[in-house]
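What follows is the residue order along each chain.
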Amino acid sequence: MPALVLPAPAKLNRMLHIIGRRADGYHELQTLFQFLDHGDELRLSPRDDSAIHLSPSLAGVPDSSNLVVRAARLLQAETGCSKGVDIHLTKRLPLGGGLGGGSSNAATTLLGLNHLWQLGLSIARLAELGLQLGADIPVFVHGHAAWAEGIGERLVPVSLDTPWFVVVCPGIEISTAAVFGAPQLTRNTSPITMARALQGGASSWRNDCEATVRQLYPPVAEALDWLGSRAPSMLTGSGSCLFSRLDTEIAARQLLADIPAGYTAFVARGLNRSPLHAVLDR
């Protein structure tokens, strides 16, 4: 079978509420996930042996710890597959940015190798395997914008508005563990129904991590202040990336042109269906 070239799209948390903390230390969330038409890319090339080879390696991340390699090895262990793969990762999304890059890479690996190795696993089973590696992976496996609860793994597909976004990366990496471990983090937001969240719309959405990230990471606070003065803006996930919602591509590109030096940024369209699934369906 020839090599597969597949997208690993970014996600945004259009809203994020933290409604409690479990005994095991994980937090109970309510969030809305949406994909972007921007992200990383993986090239999967079959091998004649069972080796899993990733290139290039990510700085500071041993290959054995990379979610791409872990996903491939998990599939081998789950199915007894003796096939191997060379994986070339084109990395565009920042580490520690809240855009789900590592989780998206893992989901693309699971779906791509299920196809390349002709394993025949269902989407539901691939999502279960993905959950063993990370709470955000199932939404990328299912491939549809979703209302999520629990630790982010209980998903209900939704259709959100699909505006243009300017995504800004302040140039720092944020520790999710530090944010969720901070004593000042809001952990008692009252639960709401999915219907109420959707009825309220984007103007009512917020991210409960944002106040804590502002305190712990002043560069993010500065970026949020700058961006928020120009368009409705919010942190995604636990950061460090933030996004502005705009009605037109022209408006988004005008804002992009004004981004201060020292930040990296891109324009993307919101999507309710993952571009990964669109490619695999073809």
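Relevant structure appears above.
Calculation criteria
Residues numbered from 1 in each chain as written. Predicted model: local features only at pLDDT ≥ 70, side-chain atom pairs only at ≥ 80, totals over all residues. Heavy atoms only, no water. Helix = DSSP H or I, 4+ residues; strand = E, 2+ residues; numbered from the N terminus. Contact = heavy atoms within 4.5 Å. Salt bridge = Lys/Arg side-chain N within 4 Å of Asp/Glu carboxyl O. Buried < 20%, exposed > 50% of the residue type's maximum accessible area, 1.4 Å probe, protein only. Pairing = 2+ DSSP bridges. Phe/Tyr/Trp six-rings, centres within 6.5 Å; stacked < 30°, edge-to-face > 60°. Axes fitted to C-alpha atoms, helices over the stretch in contact; angles between N-to-C directions. Parallel < 35°, antiparallel > 145°, perpendicular 65-115°, else oblique. Left-handed = near helix turned anticlockwise from the far one by under 90°. Nonpolar A, V, L, I, M, F, W, Y, C, P; charged D, E, K, R; others polar.

Participant: When you look at the environment of arginine 73 in this model, what are you seeing that I'm missing?
Facilitator: Within the secondary structure layout, arginine 73 lies in helix H1 (residues 67–79). In contact with arginine 73, not counting residues within four places along its chain, are Ile52 and Ser64.

Participant: Explain the pattern of salt bridges here, please?
Facilitator: A pair can form between side chains of opposite charge whenever their charged atoms are brought close. Inspection of the entire model under this criterion finds 12 salt bridges. The salt bridge partner of arginine 125 is glutamate 128, with a shortest N-O separation of 2.7 Å. Here glutamate 128 and arginine 125 lie together in helix H3 (residues 123–133), a separation of three residues that amounts to about one turn. Residue classification places glutamate 128 among the partly exposed positions, given a relative accessible area of 45%. One salt bridge connects arginine 206 with aspartate 208, and the closest N-O pair in it is separated by 3.0 Å. When its relative accessible area of 39% is taken as the criterion, arginine 206 is described as partly exposed. The structure contains a network of salt bridges with shared partners spanning Arg22, Asp24 and Glu28.

Participant: Sorry, what's going on with the pairing of strand E1 (residues 4–21) here?
Facilitator: Strand residues, when the strand is regular, have side chains that alternate between the two faces of the sheet. The element E1 is extensively covered by neighbouring structure, given that 15 of its 18 residues are classed as buried. Across 15 bridges, E1 lies against strand E2 (residues 27–47) in antiparallel orientation. Considered in E2, the bridge of methionine 15 is made with leucine 32. Once E1 ends, the chain turns through five residues before running back antiparallel as E2, passing glycine 25 with a positive phi of about 95°.

Participant: In this structure, what is going on with the packing of aromatic side chains? I would like to understand it.
Facilitator: Any aromatic ring pair is given by two values, namely how distant the centres are and how the planes are angled relative to each other. Scanning the entire structure with this criterion turns up two aromatic pairs. Their ring planes at 55° and their centres at 5.8 Å tell us that phenylalanine 35 and phenylalanine 140 sit as a pair that is tilted. In this pair, phenylalanine 35 is assigned in strand E2 and phenylalanine 140 in helix H4 (residues 137–142), connecting sequence segments 105 residues apart. With centroids separated by 5.6 Å and ring planes inclined at 85°, the aromatic side chains of phenylalanine 165 and phenylalanine 243 adopt a geometry described as edge-to-face. Highlighted residues: phenylalanine 165 in strand E7 (residues 164–169) and phenylalanine 243 in strand E9 (residues 242–246), separated in sequence by 78 residues.

Participant: Honestly, unusual backbone geometry in this entry has me stumped. Any pointers?
Facilitator: Phi is mostly negative for residues that are not glycine, and the peptide bonds are mostly trans. The amide bond that connects serine 55 to the next residue, proline 56, takes the cis arrangement and shows omega of -15°. Here proline 56 is to be found in the loop between strand E3 (52–55) and H1. The residue after glycine 239, namely serine 240, is reached through a cis peptide bond having omega 15°. Locating serine 240 in the fold gives a position in the loop between strand E8 (233–235) and E9. Phi at glutamine 118 is positive, roughly 55°, even though this residue is not glycine.

Participant: Quick question: what am I supposed to make of the packing of H1 against H3 here?
Facilitator: Think of two packed helices as two axes; the pair is described by the angle between the axes and how far apart they sit. Where H1 meets H3, the closest approach of the two axes is 10 Å, and the angle between their N-to-C directions is 130°. As the angle between them shows, H1 and H3 are arranged oblique. Here the hand of the crossing between H1 and H3 comes out right-handed. Contacts from Leu67, Arg70, Ala71, Leu74, Leu75 and Glu78 of H1 reach H3 at Arg125, Leu126, Leu129, Gln132 and Leu133. For the contact of H1 with H3, the residue count by class is seven nonpolar, one polar and three charged.

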